[in-house]
Amino acid sequence: MPETPEQPAPELFDTVLIANRGEIAVRIQRACRELGLKTVAICSEADRQAPYGSTADSFLCIGPSSAAKSYLNQDAILLAARLAGAGAIHPGYGFLSENAAFADAIEKAGLVFIGPIASSIAIMGDKISAKRAMMAAGVPCVPGPDTALPDDPATIERIALEIGYPIIIKAAGGGGGRGMRVVPKADLLHEAIALTREEARKAFGSPSLYMEKFLEHPRHIEIQVICDDHGNAAWLGHRDCSMQRRHQKVVEEAPAAGIAPDIIQPVGMACVQACLQIGYRGVGTFEFLYEDGAFYFIEMNTRLQVEHPVTEMTSGVDIVQAQIRVAQGHALDLAQGDVTCEGHSFECRINAEDPETFLPSAGVVTHLALPAGPGIRVDTHIHSGYKVSPYYDSLIAKLIVHAPTRAEAMARMREALAGTEVEGISTNIPFLRALFEDGAFAQGETDIHYLEQWLKLRRAA
Ligand code: MV4
């Protein structure tokens, strides 16, 4: 018998259904094509004209405009995958991206979910079990028990006193700013718990609560990880996402200003260790509060995030491609020692919204000019003539810049914002331009409350 040359193992899938819309559908399609994968786009009736449909290999309308009947319709998405011959489903962010039942249904249908295994999503979805897993793995957490609050009033009072006021009550089913209440002093404790418990029961279907020390002026720092199925994990650096309003991030940057590499390094390694301990697969983000030089874990996101580009710019890693490769069963092709952080990156979220009320602004984009040049990247799905629909998130583009230093990256963003023109709808561009002229922001190290205070002062002026 002549020796046959070793054949590479067949890929787990060659066609990916992208269960999302907008800029992230475009971004994922690009990564798929670069990896030689075919793409299936899906849309709701409102998105029938979307360009991401015509650039995909197949395009299926799966339901009416309401997200509940289209982008959140698990059966319709699974049916579309079967009809179009997709072997994998990429959920993007939002919609079904952190739905453990969806991940489970995909795997049971014999397809690959491009994301973590369902049990990881479930553990991180319950903020108490997430905290327990992190404490067990040695990740620094906010002071407070990693167990649900008991019913006994005296025990609750004792826990609060041990932590020390102010404390914060959070719902296990919450996250991203939903289902939490600050308690400044003891006489407000039981009422706060009763109110939060009822809200949690209604909103999340679970009355389970936990208690933490309330940090009054933290920054929001997050760590990006990527893991394969072969026991390899790496962190790709950190981001500062403190510039937010009502839990909606507006500007993100990498790395965080004023946090020395030797301060963040052990935190990154603890995240990697936690991933290995829980058998995590895929991309993930560890969210921390950072106050007075210390890091405190709050939540883990088990999805690709909106702000992943700032980490791509500084690490040089294509996070979406890497995410798809590990879902195909490949070993990570980078070791921790290969990961570097070069220069500085900012992302501005361009939203179709009223500059005063922040309410979504739907309508037709009558004129669009986008910036270009060295170190400028635009992730968008819109074009001149595009109709911004009122049904979904108001994000219409992400402006991303990269430069050697933070000051140069800020200058580059000013230039990019100056070269961005969107007419026909209202956007937050004027407000972003003003923010990039702000002195305290230019200094760096502003906390999670800075933007709301800045807006208040600006309104008063
Ligand atoms: C906190 C906190 C202060 N102390 N936990 C809000 C979103 C959710 N991910 C957790 N959040 C917070 N948790 C303790 N123990 C303050 C916030 C918080 C916040 C966190 C990150 C980014 C913006 C924020 C805005 C308000 C409150």
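Quick caveat, the model's predicted, so the values are computed rather than measured. (Residues numbered from 1 in each chain as written. Predicted model: local features only at pLDDT ≥ 70, side-chain atom pairs only at ≥ 80, totals over all residues. Heavy atoms only, no water.)

## Some thoughts on the sheet that holds strand β12 (residues 282-291)
Quick note on the threshold: The pairing criterion for strands is at least two bridges between them, as found by DSSP. A run of DSSP states H or I qualifies as a helix once it reaches four residues; a run of E qualifies as a strand once it reaches two. Both are numbered from the N-terminal end. All axes are obtained by fitting lines to C-alpha atoms, using only the stretch in contact for helices, and the reported angles, taken between N-to-C directions, cover 0 to 180 degrees. What makes two residues a contact is simply this: any of their non-hydrogen atoms within 4.5 Å.
Taken in spatial order, the eight strands line up as β13-β12-β9-β10-β11-β14-β19-β17 in an open sheet, and their pairing is antiparallel. The strands lining the two open edges of the sheet, one partner per strand, are β13 (294-301) and β17 (376-380). Shown here is a sheet whose adjacent strand axes are inclined to one another by a mean of 25°, direction ignored. Pairing analysis gives five bridges linking β17 to strand β19 (residues 395-403), with the strands arranged antiparallel. Following the sheet pairing, Asp 379 is matched in β19 by Lys 398. Against the sheet, helix α6 (residues 127-136) contacts β12 and β13, and its axis sits at roughly 130° relative to β13. The strands touched by helix α12 (residues 406-418) are β11 (248-254), β14 (344-351), β17 and β19; relative to β19, the strand with the most contacts, the crossing angle is about 140°.

## Overview of the side chain of Glu 347
What counts is decided by this rule: Think of it in three bands: residues with accessible area under 20% of the maximum for their type are buried, residues over 50% are exposed, and the middle band is partly exposed, with areas taken using a 1.4 Å probe on protein chains only. A positive count includes Lys and Arg, and a negative count includes Asp and Glu. His and the chain ends are not counted in either. Just to be clear on terms, a salt bridge is a Lys or Arg side-chain nitrogen sitting within 4 Å of an Asp or Glu carboxyl oxygen.
Within the secondary structure, Glu 347 sits in strand β14. Of the side chains with opposite charge, Arg 349 lies nearest to the buried Glu 347, which makes no salt bridge, at 4.1 Å. If we ignore the near neighbours within four places in the chain, the residues touching Glu 347 are Val 250, Val 251, Glu 252, Val 306, Glu 307, Pro 309, Val 310, Lys 398, Leu 399, Ile 400 and Met 413.

## Some details on the packing of aromatic side chains
Basically, it comes down to this: Between 30 and 60 degrees the pair is tilted, below 30 it is stacked and above 60 it is edge-to-face, where a pair is any two Phe, Tyr or Trp rings, Trp via its six-membered ring, whose centres lie within 6.5 Å. Criterion for a charge above a ring: Arg CZ or Lys NZ at most 6 Å from the ring centre, at most 35 degrees from the ring normal.
The full count for this structure, using the stated rule, is 14 aromatic pairs. A connected cluster of aromatic rings, assembled from ring pairs, spans Phe 286, Phe 288, Tyr 290, Phe 295 and Phe 297. Here Arg 245 stacks its cationic end above the ring of Phe 358, 3.7 Å away from the centre of that ring.

## Quick notes on the pattern of salt bridges
Overall, the coordinates contain 24 salt bridges when judged by the stated rule. In this structure, the salt-bridge partner of Lys 398 is Glu 23, at a minimum N-O distance of 2.9 Å. One end of the pair, Lys 398, is in strand β19; the other, Glu 23, is in helix α1 (residues 22-34), and 375 residues separate them in sequence. A salt bridge links Asp 379 to Arg 377; its shortest N-O distance comes to 2.9 Å. Each member of the pair, Asp 379 as well as Arg 377, carries the same accessibility label: buried. Residues joined in a network through salt bridges with shared partners are Glu 222, Arg 239, Lys 249, Glu 252, Glu 307 and Arg 349.

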